[in-house]
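Here is what each chain is made of, one letter per residue.
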Amino acid sequence: MLPTVEDLDDAVAHHGAPGRNAVVMTMGALHEGHATLIRAARERVGAKGFVVVTVFVNPLQFGAGEDLDRYPRTLDADLELAFEAGASAVFAPSVDEVYPGGEPQVRITAGPMGERLEGASRPGHFDGMLTVVAKLLHLTAPDLAFFGQKDAQQLALIRRMVEDLNFPVEIVGVETVRETDGLALSSRNRYLSAGERRTALALSRALFAARERLAAQEALRARATALPGAQGRAENRAEALSRLGEARAAADAHAVAQAAEGGAAGAVRAAARAVLDEAAKAEPPLTLDYLALVDPADFTEVADGHDGEAILAVAARVGSTRLIDNIPLTFGAAK
């Protein structure tokens, strides 16, 4: 374990592999999601590459009333998991080591994207996150940096920072890892009681319901478009299906037409919200923070007629625990 910047510099100098240095940044309380990131890094750089895992609970990204003090700290277990997954070294500095003069006076600002969704719910969070990521990128000097797609807005902002500020590193996103019941792995899951965990499953169920609805909408759109006389407006496609006696499909096509011509975004949002509305009636209840269907480039809401890539993101509280989740979606793939 490397507790100081000097220790890290020595390790990189003696064991680093030019062109094959990778970093996985964490706040500790490691789980299988982190292990997946470490394995992905090891696979990418090979057996002779150098993979640094950072373990640092960054106070800059916690706001007033958040869980900085109770955030789980499990360094011994983290070291065991990290090395078993393929880490070459673990950099676990203190707050004073990272910020020796106290909180930094100069910080990275996340800009407009950092003020949306998570940024609106947690003002200043992304400024603190980007500041420590920038500092750790300088300290670890990697060729590759691996981050989970579960924190999709974080990943997008890091990519934007690296591009805008010309950091010489490739950012690699790794797919969200889930429990067998669908709950996205998170260090905060350990806060949940058994009842709260049952309610929390609504987050992933809502996302999966939306994904299934999108698949049905896209299949319907492709089928309706292929029918004779179905070219043109969505209403014409519905009428073509009606002539075949497919009442349910026709109803679906009419729903598409009413939401937006050729679009499925409204139906996707509605499918997810229906699940979340039911969870709000559960005991204990789910309290929704946001449900948003956004453009991956800037995290603005997409229009109802959107075609292309999107992210469906959700955040909610169950008890005192705040959880986030998301899935990527592609609109218009079946056209």
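Before reading further, recall that the structure is shown in the block above.
Every value quoted in this text rests on a predicted model; they were computed, and no experiment measured them.

Quick notes on the packing of aromatic side chains
No. 1: Within this structure, the stated rule accounts for two aromatic pairs.
No. 2: Relative to Tyr71, the ring of Phe62 has its centre 6.0 Å away and its plane inclined at 75 degrees; by these criteria the two rings are edge-to-face. Across this residue pair, the class does not change: Phe62 and Tyr71 are buried.
No. 3: Above the plane of the ring of Tyr191 lies Arg70, whose end atom (NZ or CZ) is 3.8 Å from the centre.

Quick notes on helix 3 (residues 75–85)
No. 1: All buried positions along helix 3 are accounted for by Asp78, Leu79, Ala82 and Ala85. The buried residues of helix 3 occupy an angular sector of 140 degrees when the element is viewed end-on, so they sit on one face. The exposed set on the far side of helix 3, more than 90 degrees from its buried face, consists of Asp76, Glu80 and Glu84.
No. 2: For helix 3, the elements touching its buried residues are helix 2 (32–45), strand 2 (50–55) and strand 3 (89–91).
No. 3: Count one or two residues on from helix 3 and you reach Gly86, which has phi positive near 120 degrees.

Quick notes on the pattern of salt bridges
Pairing between side chains becomes possible if they bear opposite charge and their charged atoms approach one another.
No. 1: Considering all chains together, one arrives at 15 salt bridges under this definition.
No. 2: Of the charged contacts in the structure, one is a salt bridge between Arg160 and Asp164, with a shortest N-O distance of 2.9 Å. Of this pair, Arg160 and Asp164 both sit in helix 7 (residues 152–164), four residues apart, roughly one helical turn.
No. 3: Close ionic contact of Asp181 with Arg197 constitutes a salt bridge, the shortest N to O distance being 3.0 Å. Remark: Arg197 occurs in helix 8 (residues 194–226) and Asp181 occurs in the loop between strand 5 (170–174) and helix 8; sequence separation between them is 16 residues.

Remarks on the pairing of strand 4 (residues 144–148)
No. 1: Within strand 4, four of the five residues are buried, leaving the element largely enclosed by the surrounding structure.
No. 2: Across three bridges, strand 1 (residues 21–26) lies against strand 4 in parallel orientation. Note on strand 4: the bridge partner recorded for Val24 is Phe146.
No. 3: Bridge count between strand 4 and strand 5: five bridges; the pairing is parallel. When the sheet's bridge partners are listed, Phe147 is paired in strand 5 with Gly173.
No. 4: Regarding the hand of the β-α-β motif, the stretch spanning strand 4, helix 7 and strand 5 is right-handed.

Let's talk about the environment of Ala206
No. 1: With respect to the element layout, Ala206 can be found in helix 8.
No. 2: Residues Ala206 and Leu276, 70 residues apart in the sequence, show an inter-C-alpha distance of 6.4 Å.

Rules and cut-offs
- Residues numbered from 1 in each chain as written.
- Predicted model: local features only at pLDDT ≥ 70, side-chain atom pairs only at ≥ 80, totals over all residues.
- Heavy atoms only, no water.
- Phe/Tyr/Trp six-rings, centres within 6.5 Å; stacked < 30°, edge-to-face > 60°.
- Buried < 20%, exposed > 50% of the residue type's maximum accessible area, 1.4 Å probe, protein only.
- Lys NZ or Arg CZ within 6 Å of the ring centre and 35° of its normal.
- Helix = DSSP H or I, 4+ residues; strand = E, 2+ residues; numbered from the N terminus.
- Arc of directions from axis to C-beta.
- Contact = heavy atoms within 4.5 Å.
- Salt bridge = Lys/Arg side-chain N within 4 Å of Asp/Glu carboxyl O.
- Pairing = 2+ DSSP bridges.
- Right-handed = clockwise from strand over helix to strand, strands pointing away.

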